[in-house]
Every structure is written in structure tokens, then in C-alpha cells.
Amino acid sequence: QVQMVESGGGLVQAGGSLRLSCVASGRTFSRSVMGWFRQAPGKEREFVAAVSWRGASTSYGDSVKGRLTISRDNAKNTVYLQMNSLKPDDTAVYYCAARGEGYAGLAVTTRAYDYWGQGTQVTVSS
């Protein structure tokens, strides 16, 4: 059974930093594109970032470019999201996701991802 478990969320002041982690289990994800999405209250889930199989290529949503960095460690089946210069608008539940094995595109839509974590809350105070 595939499981994805996020951690690292919390409350931080504007301008601060957080590092989210997502550990995947149940199978190897070394040939799966991994991504992060977020969902604020009353809003649709939106794309944050995605990383290629070996971590060489990344893609980011416009609102987080230059502030958030996605990375992965395939030996640990883990994907990370380093979040710097946080703003109150970054407040949301953050979800990690994985595409099916063998798909290489850094997809930005939720329907492209087959596996999801339960989410971790990030709250940025002003």
C-alpha cells in the first residue's frame, strides 16, 4: 500500500522559513515525478512545485518562484520543500503528490498525480 506522509508544517511569522518533508512508502518513487500543491480555505488546490526523477529539473508556480525550492532524495524516498521569505498568502494546507511510474512531465494539474499525502498545515502570520 502506497503512503505519503508530510511533515514540517507549522506557524511562522512573515519573512520566516519552513522546510516541509514528504516520505513515500509502499514502492520506490525514483521514476516518479514528485510535486507539492497547496489549498487555502475556500480556494482550489493549486500547483506549487514539481521535480523530475533525478532532481535535475524543477518547475514552480508563479507565486512562489524565487522563494520556494523543491528537492528530492531518492535513497530516502523523500521530497522536500524549502520555503523562504514566507508571506501570509502562503497560508494553506500543503500536499505532496507523486505521478505514476514512468511519466516524465512536470505536470501542474492535480489530475496528473496518482498518489497524495494527507497534507500539513502552514500558517504565516503578518
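Structure shown above.
Residues numbered from 1 in each chain as written. Predicted model: local features only at pLDDT ≥ 70, side-chain atom pairs only at ≥ 80, totals over all residues. Heavy atoms only, no water.

Participant: What is the right way to look at the environment of leucine 68 in this model?
Facilitator: Looking at where leucine 68 falls in the secondary structure, it is placed in strand β7 (residues 68-73). Each C-alpha atom, one on leucine 68 and one on glycine 15, is 12 Å from the other, the two residues being 53 residues apart in sequence. Excluding residues that lie within four positions of it along the chain, leucine 68 makes contacts with Val48, Tyr60, Leu81, Gln82, Met83 and Asn84. (Helix = DSSP H or I, 4+ residues; strand = E, 2+ residues; numbered from the N terminus. Contact = heavy atoms within 4.5 Å.)

Participant: I'm lost on the pattern of salt bridges in this one. Help?
Facilitator: Side-chain pairs of opposite charge can arise where the charged atoms are in close proximity. For the coordinates displayed, the defined rule picks out 5 salt bridges. Between aspartate 62 and lysine 65 there is a salt bridge, and its shortest N-O distance comes to 3.2 Å. Given a relative accessible area of 68%, aspartate 62 falls into the exposed group. Aspartate 90 is the salt-bridge partner of arginine 67, the closest N and O atoms lying 2.7 Å from each other. Here arginine 67 is found in the loop between β6 (58-60) and β7, whereas its partner aspartate 90 is found in the loop between β8 (78-83) and β9 (92-98), with 23 residues between them in sequence. The buried category is assigned to arginine 67, whose relative accessible area is 11%. (Salt bridge = Lys/Arg side-chain N within 4 Å of Asp/Glu carboxyl O. Buried < 20%, exposed > 50% of the residue type's maximum accessible area, 1.4 Å probe, protein only.)

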